[in-house]
Amino acid sequence: MKPKEILAQARQENRTVLTEIEAKQILIQSGINCTDTQLAATKEAAVELSEKFGYPVVLKVSSIDISHKSDAGGVKVNLKSKAEVEKAYDAIMRSCKAAVPTANIEGVSVQPMGKSGTEVIIGMIKDPSFGPVIMFGLGGVFVEVLKDVAFRIIPIEESDAEDMINEIKGKKLLEGYRGQEPADVAYLQRMLLKLSDFVNETPEIEEIDMNPVFCYKDGAVVVDARIILSAA
Ligand code: ADP
Ligand code: MG
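Residues numbered from 1 in each chain as written. Chains lettered and ligands numbered in written order. Predicted model: local features only at pLDDT ≥ 70, side-chain atom pairs only at ≥ 80, totals over all residues. Heavy atoms only, no water.

1. A word on unusual backbone geometry
Cut-off, in case you're wondering: Elements are defined by DSSP. Helices are runs of H or I of four residues or more, strands are runs of E of two residues or more, and each kind is numbered from the N terminus.
With an omega dihedral of 5°, the bond running from Ile 154 to Pro 155 counts as a cis peptide bond. In this chain, Asn 211 is followed by Pro 212 through a cis amide linkage whose omega measures 5°. Looking at the secondary structure, you find Pro 212 in strand S8 (residues 205–215). Phi at Asn 14 is positive, roughly 60°, even though this residue is not glycine.

This is the structure in structure tokens:
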């Protein structure tokens, strides 16, 4: 579906939260590389998709009522066989129903397991005085504990994207560290610009969170994405 159609459908269903699958569909069409992520409504469909992608795969709960999926036991990574996928499907359903009994669960999303890389996060929030602001930071503890994040008002230009990446304190980690390959900083800059353009053209979006993005020597891939629409 086209981004406009996905947004219209969410509005029609009276919701402001998109699923990971919808969020990635929108971002991919804006030129942002995301893992191919598809819905399986049953265990059998999850196995079928896994075989189509090839192992290893990742299964995640798909529900607009569960936005922090791992907190609910809704993420199983590195599944290497049909048996592991079947077991993961049952485990996800069991723990998510226990964690959020009222959740409407449409199934699981299936996606290939991304090769590990340096983790960054890229996002957008709306500031009450500045409007849409783009965010870049290192993933995990760097963002959660150290608040090592750079912000710019949207729209940004090439030099802003470059400055944002240069100003984070943990920048050294992007240059390669303890055998970790360096991150493709030029590619990340282009990702920031694409997100800025997309947000600029799509005022009805309130918040975007791509967390984590795996960065490699060549390129990067978004493995989780959240999009929230503004209240109608
Ligand atoms: P949450 O809703 O809890 O943020 P995520 O989709 O971010 O769920 O998944 C939790 C963690 O699982 C991620 O931080 C990442 O480390 C790992 N993960 C998720 N998707 C993939 C993937 N496609 N490949 C490899 N690891 C993944
Ligand atoms: Mg996440």
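2. Quick word on the packing of aromatic side chains
Selection rule: Each aromatic pair joins two rings of Phe, Tyr and Trp (for Trp, the six-membered one) with centres within 6.5 Å, and gets the label stacked for planes under 30 degrees apart, edge-to-face for over 60, and tilted for any other angle. Any Lys NZ or Arg CZ found within 6 Å of a ring centre and within 35 degrees of that ring's normal is scored as a charge over the ring.
Evaluation of the coordinates by the stated rule reveals zero aromatic pairs. Its end group placed over the ring of Phe 53, Lys 52 keeps NZ or CZ at 5.2 Å from the ring centre.

3. Thoughts on the sheet that holds strand S3 (residues 75–79)
Rules: Strand pairing follows a simple DSSP-based rule, namely that at least 2 bridges must link the two strands. Comment: axis = line fitted to C-alpha atoms, over the contacting stretch for helices; angle = value between 0 and 180 degrees taken between N-to-C directions. Between two residues, a contact is recorded if the distance between any of their heavy atoms is within 4.5 Å.
Pairing within the open sheet is antiparallel, and its four strands lie in the order S1-S4-S2-S3. A strand with exactly one partner marks an edge of an open sheet, and here the two such strands are strand S1 (38–40) and S3. The sheet shows a mean angle of 30° between the axes of neighbouring strands, direction not considered. Direction of pairing for strand S2 (residues 57–62) relative to S3: antiparallel, over a ladder of three bridges. Its bridge partner being in S3, Val 57 is matched across the sheet by Leu 79. Where helix H2 (residues 20–29) meets the sheet, it contacts S1, S2 and strand S4 (107–112), and its direction lies at approximately 40° from that of S4.

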